[in-house]
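Survey of secondary and tertiary structure
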Amino acid sequence: MTSDLIPTLGGEYYCDPAVFTAEQEHIFEQMWFCAVRSGELADPGTFRRVQVGRESVLVVRGHDGELRAFLNICRHRGAMICTESEGQVRRNLRCPYHAWTYGLDGKLIAAPNLGSLQDDSGAPIDRVAYGLIPVALREWLGYAWVCLADDPPSFETEVMGAATARLGDPAAIDHYDMAELAVGKRVVYDVAANWKLIVENFMECYHCATIHPELVEVLPEFAGGFAAQYYVGHGAEFGDRIDGFTVDGRAGFDPLPGLAPEQDRKYYAITIRPTVFVNLVPDHVIFHRMYPMAHDRTIVECDWLYAPDVIESGGVLDHSVELFHRVNEQDFAACERTQPAMSSRAYRKGGVLVPAEHHIAEFHEWTRKKIGESC
Ligand code: FES
Ligand code: FE
């Protein structure tokens, strides 16, 4: 007989800075990392600086309309090019230290005395070779994803494949046409918890009946404790007296135009490792991106995405946004309550997973494999 209780990771996985460093190296700096909403960098010269693992990455819109990513490091003597977290430059990126200047395509275009400098063969300095170091970038669902790996893994398999694995039909997510949706609301949560506690919490619904009264009202099957992502293709059905995915069950907006009939009145949740959660409901999409900052701190940026005409017509989003905002606050409070216990002797060997949480063991195994048994 096998036990219904199976062990979790030990506490050190959540509180040891060495484990976090290994995760930065082997997970965040190797996998596709969701960096920014493409639409927020609409104009040439708009940029955003994001932390990806141990690196500062600059995502910038070029004069040719292309979005590109670079390491935010000057090739001269290493000063950070942009220290603001976001902004807009007029023509190019200029290092504030000695004024080396780069085009929005990363090429070195000017530096004091650059014209008189030569390489060891006497030729002028190669402006591409001394340009900013490019970082791989792909756009999908209206977001820019970057990858620091020398040889990035397949975006189709690792990122797009997660949505297919969860929803079954590879086209199912396209029905929400996320790239065309508008950000109706963004809330940034600064969570004092390890990123894996947030992932694990998102993966299970054993806690739903205890901490999410409003969500369970809208999705009664969550009271049973089984997560919406428990089996492929399953969407959690709205309760009979529920008119919309809102904090009090009142009607929301019209379903997104591309939805299939079977996607109406349903909630789907997708985890795209390592740092993204997508929640699909008929009239909007809730998109979470995590930025793991330290072993005990994670910034979560959450976007509520609506059809552009809902935003343009001044639709009141409050009741719609409030439901998942409460869910987020309830979830992050639970994660913050758990984090301090990770360094307790009570949790040295970890805790246990009940059957409704057994699927989390696969995430633990995945983490162990990624960072190696050395940690
Ligand atoms: Fe950037 Fe010198 S370090 S110009
Ligand atoms: Fe929850």
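Here's a quick rundown of the structure. Along each chain, residues carry numbers from 1 onward, in the same order as the chain's sequence is written. As they are written, the chains are lettered A onward and the ligands numbered 1 onward, keeping that order. For this predicted model, a pLDDT threshold of at least 70 governs which residues receive local features, and a threshold of 80 or more governs which side-chain atom pairs are given and counted, while totals over whole chains, interfaces and linings are taken from all residues. Excluded from the side-chain calculations are hydrogens and water; all other atoms, namely the structure's heavy atoms, are used.

Relative to the assigned elements, threonine 8 resides in the loop between strand 1 (6-7) and helix 1 (12-15). Exposure categories follow from relative accessible area, calculated using a 1.4 Å probe and restricted to protein chains: below 20% of the type maximum is buried, above 50% is exposed, and the middle band is partly exposed. On the basis of relative accessible area, threonine 8 is assigned to the buried category, the value being 10%. Polar contacts, as used here, are pairs of N or O atoms within 3.5 Å; protein pairs need one atom able to donate a hydrogen and one able to accept it. Residues neighboring in sequence count only if both atoms are side-chain atoms. Looking at threonine 8, its side chain comes within polar contact range of the main-chain nitrogen of glycine 351, at 2.8 Å. With near-sequence residues (within four places) excluded, threonine 8 lies in contact with Tyr347, Lys349, Gly350, Gly351, Val352, Leu353, His364 and Arg368. Counting from the N terminus, the helices are the DSSP runs of H or I reaching at least four residues and the strands are the DSSP runs of E reaching at least two. Any two residues having at least one pair of non-hydrogen atoms within 4.5 Å are treated as being in contact.

Another aspect to go through is the packing of aromatic side chains. Aromatic ring pairs are reported here in terms of the distance separating the ring centres and the angle at which the planes meet. Note on ring pairs: Phe, Tyr and Trp rings are taken, using the six-membered ring of Trp, and paired if centres are within 6.5 Å. Classes follow the plane angle, with under 30 degrees stacked, over 60 edge-to-face and the rest tilted. Counted by the stated rule, this structure contains 19 aromatic pairs. For the pair tryptophan 32 and phenylalanine 155, a centre-to-centre distance of 5.1 Å together with 90 degrees between the ring planes defines the contact as edge-to-face. In this pair, tryptophan 32 sits in the loop between helix 2 (17-28) and strand 2 (33-37) while phenylalanine 155 sits in helix 3 (residues 155-167), placing the two residues 123 residues apart along the sequence. This pair shows no difference in class: tryptophan 32 is buried, exactly as phenylalanine 155 is. Ring geometry for phenylalanine 202 against phenylalanine 277: centres 4.0 Å apart, planes inclined by 15 degrees, an arrangement best described as stacked. Taken as a pair, phenylalanine 202 in helix 4 (residues 195-203) and phenylalanine 277 in strand 15 (residues 276-281) lie far apart in primary sequence, 75 residues in all. Residue phenylalanine 277 is classed as buried on the basis of its relative accessible area of 3%. Site record: aromatic cluster; members linked through ring pairs are Phe20, Phe28, Phe33, Trp195, Tyr291, Phe363 and Trp366. Sitting above the plane of the tyrosine 14 ring, lysine 196 keeps its charged end 4.8 Å from the centroid. Definition used: whenever NZ (Lys) or CZ (Arg) falls within 6 Å of the ring centre and also within 35 degrees of the ring normal, the charge is taken to sit over that ring.

With that settled, consider the coordination of the iron ion (ligand 2). Surrounding the iron ion (ligand 2) are the protein donor atoms His207 (NE2), His212 (NE2), Asp331 (OD) and Asp331 (OD), which sit 2.0 to 2.7 Å from the metal. Distances define the donors: N, O and S atoms within 2.8 Å of the metal qualify, as do those within 3.2 Å of Na, K or Ca. Water is excluded, so some sites may look unfinished. Geometry is assigned from the angles between donors: four donors with all angles from 85 to 135 degrees make a tetrahedral site, four or six donors whose opposite pairs exceed 155 degrees while the rest stay between 65 and 115 make square planar or octahedral sites respectively, and everything else is labelled irregular. For the iron ion (ligand 2), the four donor atoms in the first shell make angles of 53 to 143 degrees at the metal, so the coordination geometry reads as irregular. Sequence positions of the donors to the iron ion (ligand 2) reduce to the motif H-x4-H-x118-D. Placement of the pair is histidine 212 in the loop between helix 5 (208-211) and helix 6 (213-218) and aspartate 331 in helix 8 (residues 318-338), with a sequence separation of 119 residues. Accessibility expressed as a relative area gives 8% for aspartate 331, which makes it buried.

It is worth spelling out the sheet that holds strand 14 (residues 266-272) at this point. Note on pairing: DSSP must find at least two bridges between two strands before they are called paired. Spatially, six strands are ordered 12-17-16-15-14-13 in an open sheet, and the strand pairing comes out antiparallel. Two strands in the sheet have a free side with no partner beyond their single neighbour: strand 12 (182-191) and strand 13 (236-237). Note: strand 12 against strand 17 (residues 297-306), nine bridges, orientation antiparallel. Looking at strand 17, one finds that alanine 182 is bridged to tyrosine 306. Fitted lines through C-alpha atoms give the axes, limited to the stretch in contact for helices. The angle between two N-to-C directions lies from 0 to 180 degrees. Helix-sheet contacts for helix 3 involve strand 14 and strand 15, and the interaxial angle to strand 14 is about 145 degrees. The sheet strands contacting helix 4 are strand 12, strand 14, strand 15, strand 16 (284-294) and strand 17, and the helix crosses strand 15 at an angle near 25 degrees.

Taken together, the side chains of Asp169, Asp174, Asp177, Glu180 and Glu262 make up a negatively charged region of the molecular surface. Classification of aspartate 174 by relative accessible area gives partly exposed; the value is 49%. Within this analysis, patches are made of residues with over 30% relative accessible area and no salt bridge. Like charges are joined at 9 Å or less; nonpolar side chains (Val, Leu, Ile, Met, Phe, Trp, Tyr) at 5 Å or less. Computed with the Shrake-Rupley method and a 1.4 Å probe, the accessible areas treat only the protein chains shown as cover for residues. Put simply, a salt bridge is a Lys or Arg side-chain nitrogen that is within 4 Å of an Asp or Glu carboxyl oxygen. For the charge count, each Lys or Arg is scored as positive and each Asp or Glu as negative, with His and the chain ends excluded. By convention, the charge on Lys lies at NZ, on Arg at CZ, on Asp at CG and on Glu at CD.

Let's shift gears to the side chain of asparagine 194. Here asparagine 194 is to be found in the loop between strand 12 and helix 4. Within the structure, asparagine 194 has its side chain in polar contact with the backbone oxygen of histidine 295 (distance 2.9 Å). Beyond its immediate chain neighbours, meaning those up to four positions away, asparagine 194 contacts Tyr13, Tyr14, His295, Asp296, Thr298 and Gln339.

A separate point is the packing of helix 2 against helix 9 (residues 360-371). Axis separation between helix 2 and helix 9 bottoms out at 9 Å; the angle between their running directions is 80 degrees. By the angle between their axes, helix 2 is roughly perpendicular relative to helix 9. Here helix 2 contributes Val19, Ala22, Glu23, His26 and Ile27 to the contact with helix 9, which in turn contributes Trp366, Thr367, Lys370 and Ile371. When the residues that make up the contact of helix 2 with helix 9 are grouped by side-chain class, the tally is five nonpolar, two polar and two charged. For classification, angles of less than 35 degrees are called roughly parallel, those exceeding 145 degrees roughly antiparallel, those between 65 and 115 degrees roughly perpendicular, and all remaining angles oblique. Only Asp, Glu, Lys and Arg are considered charged in this grouping, and only Ala, Val, Leu, Ile, Met, Phe, Trp, Tyr, Cys and Pro are considered nonpolar; every other residue, Gly among them, is considered polar.

Moving on to the sheet that holds strand 6 (residues 86-88). The strands making up a sheet are joined through hydrogen bonds of the backbone, oriented either antiparallel or parallel. Here seven strands make up an open sheet; going across it, the order is 2-11-10-5-4-3-6 and the pairing antiparallel. Each of the sheet's edge strands pairs with one partner strand only, and the pair in question is strand 2 and strand 6. Each strand of the sheet is rotated relative to its neighbour by a mean of 30 degrees, with strand direction disregarded.

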